[in-house]
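The primary structure of each chain is shown beneath.
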Amino acid sequence: MWGGRFASAPDSIMEEINASIDFDRALFRQDIAASRAHAAMLAKTGVITQADAAAIDDGLTQVLREIEAGEFTFSRALEDIHMNVESRLAEIIGPAAGRLHTARSRNDQVAVDFRLWAREAADQLDAQLRDLQIALAERAQEFADAVMPGFTHLQPAQPVTFGHHLLAYVEMLGRDRARMQDARARMNECPLGAAALAGTPFPIDRHMTARALGFDRPTANSLDSVSDRDFALELMSAAAICATHLSRFAEEIVLWTGPFFGFAKLSDRFSTGSSIMPQKRNPDAAELVRGKTGRVIGDLNGLLIVMKGLPLAYSKDMQEDKEGVFDCVHTLSLCLAATLGMVRDMSVDRARMKAAAGAGYSTATDLADWLVRRLNMPFRQAHHVTGRIVALAETNGVGLEQLALEQMQTVEPAITIDVFSVLGPEKSVASRTSYGGAAPANVNAQAGTWLKRLKREDVKHPG
């Protein structure tokens, strides 16, 4: 492709390190779509003839059919998807194929292809996130009143409900979607026509190609157009944060399905056994989601490191951008699918969770709050009184709700029998009626609001 400048062919090692067709062939649809838009624009502006543009369009359509049918032979000697497509186009339509590359470079060509791919990836991940939110919100409604222990430091803290716990992840995924949508909006500018780095003297219409490819506008600076990979980094950043949320949920599934918690169970569809221990039921799907999060974060770090020292404009280092992004998106997509499957599959032991919710004197804060509300006691004093009552209950080997009123009154004589109205996990949860609190009525309402919003969305699904 540059035989006019070089007298000999590349060394085999140079060919090995330089070729990208093994992975950038994934961009064939985007590459052909961008080339068709570019050819139509060149004809409209008079840079090439309508006849050549028609021949190019017909030829590119044939190339697309051949690749989709598995009949296309990719050549590593042609380096990348762009030259593979152009070479086959020349075989089909002859010299007119050489006019396609007028007023563009492989620099802006790969930039537009990659943005088109990243845009579709963002749409796909957003749709999967929505499906997972719906599944979590539906199960939150199902378990809106299923009392479970809430934890801090992985120690029993205050009772909540399983539905309330699931809704926490609905909120996290909502922010993940917002980041994904935000990244998509920012990447929706078209770099095609920036050429190698300085633009072109041909009278092209970049707004026309931007519209044809569904972009909001063309990029405004030709140097930035070909050297920017912010769009990929943003997509991967959103993916890494999302994967971190999935990993936290996966870790909880691992804990819940173990015999020491026993809160939940995964069926055979999402569990595996042991080759030596017949009793084992391993939550491997959850463990793999947790593990694959490291891959997603590593992919992001890899591209950040590639880009950190590059001067403007394009450098061949940037060929290293695609494999990590492809892997990042594929891995997150798989993790989302696995998490959705586990959410739908998981069975929950209400009785086991309720029993655990009362452990560790988890209603101590309710007692302190009662002292503040009913006895007008300053909270710090109420905290101290409650601590002494907890110590008394612990000495007697009983829960707070089982401690006799007379024993409580040895610590604080003003306590009345009404105190038992707040002691006990279900009573505690029912009292948490503040906005965003764990009361079952709150959970039902919030889950319903999410489901109404999510099910009326018109989410883009890439074709």
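Everything quoted here is computed from the prediction, not taken from an experiment. (Residues numbered from 1 in each chain as written. Predicted model: local features only at pLDDT ≥ 70, side-chain atom pairs only at ≥ 80, totals over all residues. Heavy atoms only, no water.)

A. Looking closely at the overall build of the protein chain. Within the protein chain, the secondary structure is distributed over 18 helices and six strands. For the protein chain, whose C-alpha radius of gyration is 30 Å, the value lies well above the compact-globule estimate of 23 Å for 463 residues. Along the three orthogonal principal directions, the C-alpha set of the protein chain runs to about 100 × 55 × 40 Å. Residue burial in the protein chain is summarised as follows: out of 463 residues, 50% are buried. Intrachain contacts of the protein chain at a sequence separation of at least 6 include 75% that bridge at least 24 residues. When the accessible surface of the protein chain is summed, it comes to about 21,900 Å², and 53% of that surface belongs to carbon and sulfur atoms. Side-chain charges in the protein chain split into 50 positive and 58 negative, and the spacing between the mean points of these groups amounts to 4 Å. (Helix = DSSP H or I, 4+ residues; strand = E, 2+ residues; numbered from the N terminus. Rg over C-alpha atoms; globule rule 2.2 N^0.38 Å. Buried < 20%, exposed > 50% of the residue type's maximum accessible area, 1.4 Å probe, protein only. Contact = heavy atoms within 4.5 Å. Areas by Shrake-Rupley, 256 points an atom, 1.4 Å probe, with all protein chains shown as cover. Lys, Arg positive; Asp, Glu negative; His and termini not counted. Charge placed at Lys NZ, Arg CZ, Asp CG, Glu CD.)

B. Structural view of the pattern of salt bridges. For the structure shown, the criterion picks out 31 salt bridges. As a salt-bridge pair, Arg217 and Glu189 come within 3.2 Å of each other at their nearest N and O atoms. On the criterion of sequence distance, the pair formed by Arg217 in strand 4 (residues 217-218) and Glu189 in strand 3 (residues 189-190) is long-range, its members being 28 residues apart. You can call Glu189 partly exposed: its relative accessible area is 24%. (Salt bridge = Lys/Arg side-chain N within 4 Å of Asp/Glu carboxyl O.)

C. Fine view of the packing of helix 3 (residues 28-44) against helix 5 (residues 81-93). Between helix 3 and helix 5, the least distance of the axes is 10 Å, while the angle of their chain directions is 60°. Judged by the inter-axis angle, helix 3 sits oblique to helix 5. In the crossing of helix 3 with helix 5, the sense of the turn from one axis to the other is right-handed. Each of Phe28, Asp31 and Ile32 in helix 3 lies in contact with helix 5, whose residues at this interface are Ile81, His82 and Val85. Residues of the contact of helix 3 with helix 5, tallied by class, amount to four nonpolar, one polar and one charged. (Axes fitted to C-alpha atoms, helices over the stretch in contact; angles between N-to-C directions. Parallel < 35°, antiparallel > 145°, perpendicular 65-115°, else oblique. Left-handed = near helix turned anticlockwise from the far one by under 90°. Nonpolar A, V, L, I, M, F, W, Y, C, P; charged D, E, K, R; others polar.)

D. Inspection of the environment of Ile56 at higher detail. Within the secondary structure, Ile56 is located in helix 4 (residues 50-68). Residues Ile56 and Arg106 lie 50 residues apart in sequence; the distance between their C-alpha atoms is 18 Å. Among all residues touching Ile56, those that are not within four sequence positions of it are Ala39, Ile48, Leu89, Ile93, Ala96 and Leu100.

E. Representation of the side chain of Ser362 in the model. As for its placement among the helices and strands, Ser362 is situated in the loop between helix 13 (350-357) and helix 14 (364-375). Reaching out from Ser362, the side chain makes a polar contact with the backbone oxygen of Ala357 at a distance of 2.4 Å. (Polar contact = N/O pair within 3.5 Å; in protein donor to acceptor, adjacent residues only side chain to side chain.)

F. Here's a closer look at the state of the cysteines. Inspection of the entire model under this criterion finds zero disulfides. Free cysteine: Cys242, not disulfide-bonded; nearest cysteine sulfur from Cys335 at 8.9 Å. (Disulfide = S-S within 2.5 Å.)

G. Molecular detail of the packing of helix 14 against helix 15 (residues 379-396). At a minimum axis distance of 8 Å, the contact between helix 14 and helix 15 shows a crossing angle of 135°. Taken together, the axis directions place helix 14 and helix 15 in an arrangement best described as oblique. As helix 14 runs across helix 15, the sense of the crossing is right-handed. Contact residues: helix 14 offers Ala364, Leu367, Ala368, Asp369, Leu371 and Val372, while helix 15 offers Phe379, Ala382, Val385, Thr386, Ile389 and Val390. When grouped by side-chain class, the residues that make up the contact of helix 14 with helix 15 number ten nonpolar, one polar and one charged.

H. Highlighting the nonpolar core. Phe162, Leu235 and Trp256 are the most contacted members of the largest nonpolar core, which has 101 residues in total. In terms of residue count, helix 10 (residues 230-256) provides more of this core than any other element does, 16 residues in total. Grouped together as the second largest cluster of nonpolar side chains are 20 residues, Ile389, Ala393, Leu405 and Val419 included. (Core = buried A, V, L, I, M, F, W, Y, C linked by side-chain atoms within 4.5 Å.)

I. Here's a closer look at unusual backbone geometry. Here Leu312 and Ala313 are connected by a cis peptide whose omega angle stands at 10°. For Ala313, the location among the structural elements is in the loop between helix 11 (284-307) and helix 12 (321-345). For His153, which is not glycine, the phi torsion reads 60° and is therefore positive. Examined against the element boundaries, His153 turns out to sit in the loop between strand 1 (147-152) and strand 2 (155-161). Here Ala195, not a glycine, exhibits a phi torsion of approximately 60°, which is positive. As for its placement among the helices and strands, Ala195 is situated in the loop between strand 3 and helix 8 (206-212).

J. Examining the packing of aromatic side chains more closely. The final tally for this structure, using the stated rule, is ten aromatic pairs. Relative to Phe231, the ring of Phe114 lies with its centre 5.4 Å away and its plane at 80°, an arrangement referred to as edge-to-face. With Phe114 in helix 6 (residues 106-142) and Phe231 in helix 10, this residue pair connects regions lying 117 residues apart in the sequence. The exposure class of Phe114 is buried, given its relative accessible area of 0%. On the basis of relative accessible area, Phe231 is assigned to the buried category, the value being 3%. Note on Phe261 and Phe263: the rings are 5.3 Å apart at their centroids and 80° apart in plane angle, and the pair reads as edge-to-face. Considered together, Phe261 and Phe263 belong to a single accessibility category, that of buried residues. Chaining the aromatic ring pairs together yields one cluster made of Phe143, Phe162, Tyr169, Phe249 and Trp256. Positioned above the aromatic ring of Phe215, the side-chain terminus of Arg119 is 4.7 Å from the ring centre. The ring of Trp450 has Arg453 lying over it, and the distance from NZ or CZ to the ring centre is 4.2 Å. (Phe/Tyr/Trp six-rings, centres within 6.5 Å; stacked < 30°, edge-to-face > 60°. Lys NZ or Arg CZ within 6 Å of the ring centre and 35° of its normal.)

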